[in-house]
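Observations on chain architecture
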Amino acid sequence: MAAIRVPSNATDLLPFCQRDEHARPDACFETYAHMLAIAACLGYRLASGPASRSCQSFLKTPGPIDLGIFRSQGLFSQLLIISMMCHPDNDAALDEANLVRSIEDLAEAGLEEMCMALTSKGASSFPEVLAGWIAEGPPTGI
Amino acid sequence: MIFERITLHNFQRYRGENSIEFPAPGKASSIILVLAPNNSGKTTILYALRFLFYGHLAGYDRETAWNLATDLCRSTTPLGEDIEVWVEARVSIGGEPPITLRRSLQTRQISAGRWKTEGPFLFHKKTDRPNEKFQVDADGSLQTQIDAAVPQELFSWFYFAGEPAEGKMSHGNSRALVEPLKKAIQLRRWTDAIHTASAVHTSLKAKLQKEAKNHGEYANLLNKKDLVSRSKSDVVSGLATVQREIQDLQRSYSDIDGECLRTSKKAEESQKLFQRLKDQELKRDRAAGTLDQANAEISSLISKSAGMPLLAPVLPAIEKRLEALRKANLLPADISKGFIERLLRASNCVCGRVHDHGAKEHLEAYLKKTLATHTNNDLVNLANALEGGQDSRVISLIARYPGDLSRQLGKKSDAIRALADSKAAIEELTPQVKASSIEEFNKLVRRREEISREFRAKEKSRDELEGRLRTQEDSLKTINADLAKARPKRGAEEASKLENAIAIAERLVANLRKGQQQFQDAVYELLQERLRQHFDSTVTGGNRAKLDRDTLLPVIVDPADNIVKNPGGGEMQVLSIAFVAGLAELRTKINADLKKAGLAGRLLGEQSFVLDSPFTSADHNYMRAIADFLPNKAPQLLVLLAKQNWPDTVREALEPHIASAYGVTLHTSADAHDASSFEFQIGKKSVSLRKELRAGETAYTTFEKIF
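Side note on helix 5 (residues 96–121) of chain A
Given a rise of 1.5 Å per residue, 26 residues ought to cover 38 Å, and the 36 Å separating the end C-alpha atoms of helix 5 of chain A matches this to within 8%. After helix 5 of chain A finishes, the residue glycine 122 of chain A shows a positive phi value of roughly 95°.

Structure follows, in structure tokens:
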């Protein structure tokens, strides 16, 4: 079954995953899959379509996350919506390889934005910034 | 030592005769002021007094004593001609009628750079009349009298530059002062008497033991008695110590209790301040709790939203795509892709009808649009998630979480503001509370409890010692009875006499010890009272003066009775002066009491003071406090001040008490870099203490009466 890899730029955000070995007390992603789903949603919202560039570098740990995990954690709807928005043709949109590719690229874009917030606002303010984006939309986008 | 006059003649910087006249003691104006520019010879007056009293000065010996003569005399007196250097005083020693004392030396230059000096010698005469001749102190009796009145080691206690006792009291060197102090108050005499009586007691005991050596039982009883007596003596001494400690604790308790009462009134106001601080601390803790809660909630909501709210804008487009699939009968798929493929492979339809060309075309077109089973399921799930309006899972995610997150963000922002407000208030209130008396009050109460505990412990020790003493007294009674029976028949009378003599010697030692302690206690009480009277009324801020019972030296304690090691301003200066003033008064009292008891004559008398720059280590406020404190602290006070110690505040405080004032005038040809440093204000006039000499003339100093 197809799996989604974790882009390399997620490194600094891993402690915000509750399952991470070095999880912070204010970790705001339940699992790595949640982090990727949220990052992909943010990436799509910022790009308003497919990512402008293709993700080339991925982390070995954590390893690729099977699509079945996204399904079981109730995160697949987001991925499907994004893929359908990136591919006007249904066959292309519903092809798992295409879906994985689109999500990885957009997740990288979303993670990049998150890392910038992390650097500029500081780790302790990161959840608040992300919450603001989710509640009111990111500073740029559609 | 009370002066009528001090005269310096060709002594160090002073050319010719220079006199300071003192008013009779007892007058309201008791201060003689000497104003002097810096480095003009102010401290020379102290050297002159030391020279007069003891005939020597540090740094001068027989070879270099010619240096005591004024430069001007030495440079103008022809070779071989005598220069007379002397210091003279009309003085009353130990309350006796005044006499004139003179310490003088003659020096002459015998060849270039070589001088021959005779003296110094001490002379005296009864009157101050010029026609009465001086008598030399041939038998040294006058010198003994001076030494008794002002022992050399106590000179700097009464005649000092800066602080008394060379500042040792304020620099942690107090222990070195204990012996001179004991000497000053005649405490040493008690120790000497105890040593003598103890020696007699020991020798009598040795004699009796020798007598008893051949009588075993009697000798044993004597040894036993000696052991019990010594042990009893230790218990008596321990009991006296505990009783004194109890007395001191009672005093400390009473002091602190008074402080508690004083502070409790202020503490009521402080209590309100303290409550406000507590309220703010509660607000701070609540805000911090709310903040933690909001942060946890925000983290949880982010995860639960799973980013879906970010996709809200695209949902209508997705719904359109799903609707199109439904219309094409592809969603949900009624017929699966595999079934159509099987139909196409078969020649007949499931109903039996043969597949014609049209039917095959329809089936092939449908096959192209059919979806894989799992993809179909995903889309069906998505469609289900979007269906149902507000109740649908996706819509509820989108509708609920942004609002919840906004609320939590608002809550967090309010908590941060409340936290900042309470922290600012706490920061403002904390120093106020600390400065307020509540802390001081609590500290005092704690200290009072400590003292109370110590007091109970000491009472217990006292009871134990009293019990031991009773047992020892009973034991001695029994031993004495046994001794009477065991006394050998031969030489019984002699042994009995010796036993009585030993008992008398023992009582003498015990009484002397008791007397010494009572004397020391009386001295302690008097000195303590005077010290506190002088110090506590001068110093602001609650610190008090206290006397160490063993050393009889002063310390400063805070309101909770803790020793203050480095008091600020000029408290140590006030303490030192208060202590020596109290000591001088005490010496006079001891002298009067001894005289009354017919025990001594001219031991100690009223004491004059010479204070050179007494404000040196005091800040501006304490300069004024010390100046206010000085008048009437001694029957005679000579105060020597440089310009920097003569600000208007000091002048205002001292002027009403000044009997007369002298200026130390510098005669010099050197350029006056700052003419104003020679200008002194006294009364309503300004005087210059500098006189111009012609170029090349040797500088010297004189006294001028200026007030």
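Picking up where we left off.
Digging into the pairing of strand 5 (residues 99–111) of chain B
Residue and element names in this part refer to chain B. Here strand 4 (residues 83–92) runs beside strand 5; their pairing, made up of nine bridges, is antiparallel. By the bridge assignment for strand 5, valine 87 is matched with arginine 103. Linking strand 4 back to strand 5 in an antiparallel pair, the connection comprises six residues, with glycine 94 at a positive phi of about 60°. The pairing of strand 5 with strand 6 (residues 114–125) spans 10 bridges and is classified as antiparallel. Directly across from leucine 101, in strand 6, lies its bridge partner histidine 124.

A closer look at unusual backbone geometry
Cis geometry marks the peptide bond from threonine 61 of chain A to proline 62 of chain A, where omega comes out at -5°. Mapping proline 62 of chain A onto the fold places it in the loop between helix 1 (32–47) and strand 2 (65–66). Even without a glycine there, the phi angle at serine 48 of chain A is positive, about 55°. Following the sequence through the fold, serine 48 of chain A ends up in the loop between helix 1 and strand 2. A tally of 12 C-beta atoms within 10 Å means that serine 48 of chain A is categorised as exposed. At leucine 552 of chain B, a residue that is not glycine, the phi angle is positive and equals roughly 65°. Along the polypeptide, leucine 552 of chain B turns up in the loop between strand 9 (544–547) and strand 10 (554–557). Here leucine 552 of chain B falls in the buried class, since 22 other C-beta atoms lie within 10 Å of it.

Section: the packing of helix 3 (residues 76–86) of chain A against helix 5 of chain A
Residues and elements named next belong to chain A. Viewed as axis vectors pointing N to C, helix 3 and helix 5 meet at an angle of 95°, and their least axial separation amounts to 9 Å. Between helix 3 and helix 5, the angle falls in the class roughly perpendicular. Across the interface between the two elements, Leu79, Ile82, Ser83 and Cys86 from helix 3 touch Asn98, Leu99, Ser102, Ile103 and Leu106 from helix 5.

The rules behind the values
- Residues numbered from 1 in each chain as written.
- Chains lettered and ligands numbered in written order.
- Predicted model: local features only at pLDDT ≥ 70, side-chain atom pairs only at ≥ 80, totals over all residues.
- Helix = DSSP H or I, 4+ residues; strand = E, 2+ residues; numbered from the N terminus.
- Expected span 1.5 Å × (residues − 1).
- Pairing = 2+ DSSP bridges.
- Buried ≥ 20, exposed ≤ 12 C-beta atoms within 10 Å, placed from the backbone.
- Axes fitted to C-alpha atoms, helices over the stretch in contact; angles between N-to-C directions.
- Parallel < 35°, antiparallel > 145°, perpendicular 65-115°, else oblique.
- Contact = placed C-beta atoms within 7 Å.

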